[in-house]
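# Observations on the three-dimensional arrangement
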Amino acid sequence: MKLTGKTIERFLAKPDPQIMAVLVYGVDAGLVHERANQLVRGAAGSLDDPFRVAVLTGKALKEDPARLADEAMAMSLTGGRRAVRIEDADDDVAAILKSYLAGAKAAPSTDSLIVLEAEELPSRSALRKLCEGADQAAALPCYRDEGASLSGVIKDKLQQEGLGISPEALSYLSARLGGDRAVTLSELEKLALYMGGSGKTVGLADVEAAVGDSAAHALDDLVYALSDRDMAGVERGLARSLGEGAAPISLLRAAARHFLRLQWAAGKAEQSGGIEGAMRGLRPPVFFKYEDRFKAAAKRWSAGGIATALERILTTEQLCKRSGSPAETLCRRVFLEIAAIKPAR
């Protein structure tokens, strides 16, 4: 079963009892973990009950394939449904899961729920294809929060804390959060603590004070320095972000998102005749402090220059994923190369 859109929330609220395995995957590791927690807790009533929850890794399962059936068919000593959680699942697990599902279908003897957590998987992934196509399994993708979805996450979380939020503050947060659900919620919890109690409305000054020094803010400075062709700013931004522990791939993806937004806005501007109108269509919107720099970059960079930048970023990300690659060095090199691209039309 392939879950998409609104069917995801409905499934999470009330999973199909015929589903024996759920693959939770995607680029947002925090959201993957959150949704896996929700499924495990819904099945077993807890995340750490030793009688009802078994936790395996993909590596351990590959070394001992029989453990999947052993754990899934085990009876809980305290009664109730069991959950088998498989962390770091990948395509090597697909054949093991397929064999288990075939056996369980032929001779059903358990109602355990298997929850597999994985990183982003391409459409050709064997594990993803299995879970999307099998009647007894489901594939649940986790995309980054953005646009209206991200705004909803922010408002809902603050509402739970008894707080409202001004439009300016919401715009600021929407432009800086969303890369990882866990990071987003952590920043919002920090903001709620800063506000010191319920019944208040979060303003722009509050957000800047509580969240302004986050890694997301450093990423903004870095990607805008990149599109400004500010070599010194790029060097400072790289030093700060990498020094704060940001993964090189996260920096590359932030740069790619920035250039994709520039590409979209520049294309819309050519159709409508104005960059200001095009920018109003961006979601999340450009934060007002960066509006002038975004306009200048959209006018400065040619379509070919943006395409070249995106191609180099993608190539570098692929190189960084190779085992033993000098990811930080590769990241620094491509950022400086892009900053040196002549953006002539």
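Use the structure listed above.
As the structure is a computational prediction, the values presented were derived from the model and not from experiment.

Calculation criteria
Residues numbered from 1 in each chain as written. Predicted model: local features only at pLDDT ≥ 70, side-chain atom pairs only at ≥ 80, totals over all residues. Heavy atoms only, no water. Helix = DSSP H or I, 4+ residues; strand = E, 2+ residues; numbered from the N terminus. Expected span 1.5 Å × (residues − 1). Buried < 20%, exposed > 50% of the residue type's maximum accessible area, 1.4 Å probe, protein only. Phe/Tyr/Trp six-rings, centres within 6.5 Å; stacked < 30°, edge-to-face > 60°. Axes fitted to C-alpha atoms, helices over the stretch in contact; angles between N-to-C directions. Parallel < 35°, antiparallel > 145°, perpendicular 65-115°, else oblique. Contact = heavy atoms within 4.5 Å. Nonpolar A, V, L, I, M, F, W, Y, C, P; charged D, E, K, R; others polar. Salt bridge = Lys/Arg side-chain N within 4 Å of Asp/Glu carboxyl O.

### Focus on helix 2 (residues 29-44)
Taking 1.5 Å of rise per residue, 16 residues should cover 22 Å, and helix 2 covers 22 Å from first to last C-alpha, within 8% of that figure. Of all the positions in helix 2, only Gly30, Leu31, Val32, Arg35, Ala36, Asn37, Leu39, Val40, Ala43 and Ala44 are classed as buried. Taken from the residues just after helix 2, Gly45 is the one with a positive phi, measuring 80°.

### Observations regarding the packing of aromatic side chains
Inspection of the entire model under this criterion finds one aromatic pair. Their ring planes at 75° and their centres at 5.1 Å tell us that Phe259 and Trp301 sit as a pair that is edge-to-face. A residue pair is termed long-range when its members are at least 10 positions apart, and Phe259 in helix 13 (residues 248-272) and Trp301 in the loop between helix 15 (291-300) and helix 16 (303-320) qualify at 42 residues. Under the relative-accessibility criterion, Phe259 is labelled buried at 0%. On the basis of relative accessible area, Trp301 is assigned to the buried category, the value being 0%.

### Some words on unusual backbone geometry
Phi at Asp88 is positive, roughly 55°, even though this residue is not glycine. Here Arg229, not a glycine, exhibits a phi torsion of approximately 60°, which is positive. Its place among the elements puts Arg229 in the loop between helix 11 (215-228) and helix 12 (231-243). Look at Arg229 and you get partly exposed, because its relative accessible area is 34%.

### Notes on the packing of helix 13 against helix 15
At a minimum axis separation of 9 Å, helix 13 and helix 15 run at an interaxial angle of 70°. For the element pair helix 13 / helix 15, the angle class is roughly perpendicular. Between helix 13, through His258, Arg261, Leu262, Ala265 and Ala266, and helix 15, the contact on the second element is made entirely by Phe294, Ala297 and Ala298. Here the residues of the contact of helix 13 with helix 15 are counted per class, giving six nonpolar, one polar and one charged.

### Concerning the pattern of salt bridges
Opposite charge on two side chains allows them to pair when their charged atoms are near. If you walk through the whole model with that rule in mind, you get 15 salt bridges. Among the salt bridges present, the one from Glu34 reaches Arg181, with a minimum N-O distance of 3.1 Å. In this pair, Glu34 sits in helix 2 while Arg181 sits in helix 9 (residues 181-195), placing the two residues 147 residues apart along the sequence. As a salt-bridge pair, Asp90 and Lys62 come within 3.3 Å of each other at their nearest N and O atoms. Taken together, the residues Asp90 in the loop between strand 3 (83-87) and helix 5 (94-106) and Lys62 in helix 3 (residues 58-63) connect sequence positions 28 residues apart. Since its relative accessible area comes to 27%, Asp90 is described here as partly exposed. The exposure class assigned to Lys62 is partly exposed, which follows from its relative accessible area of 33%.

### Some words on the environment of Gln318
For Gln318, the position within the fold is in helix 16. For Gln318, a relative accessible area of 48% puts it in the partly exposed group. The sequence separation of Gln318 and Ile275 amounts to 43 residues, and the corresponding C-alpha distance is 33 Å.

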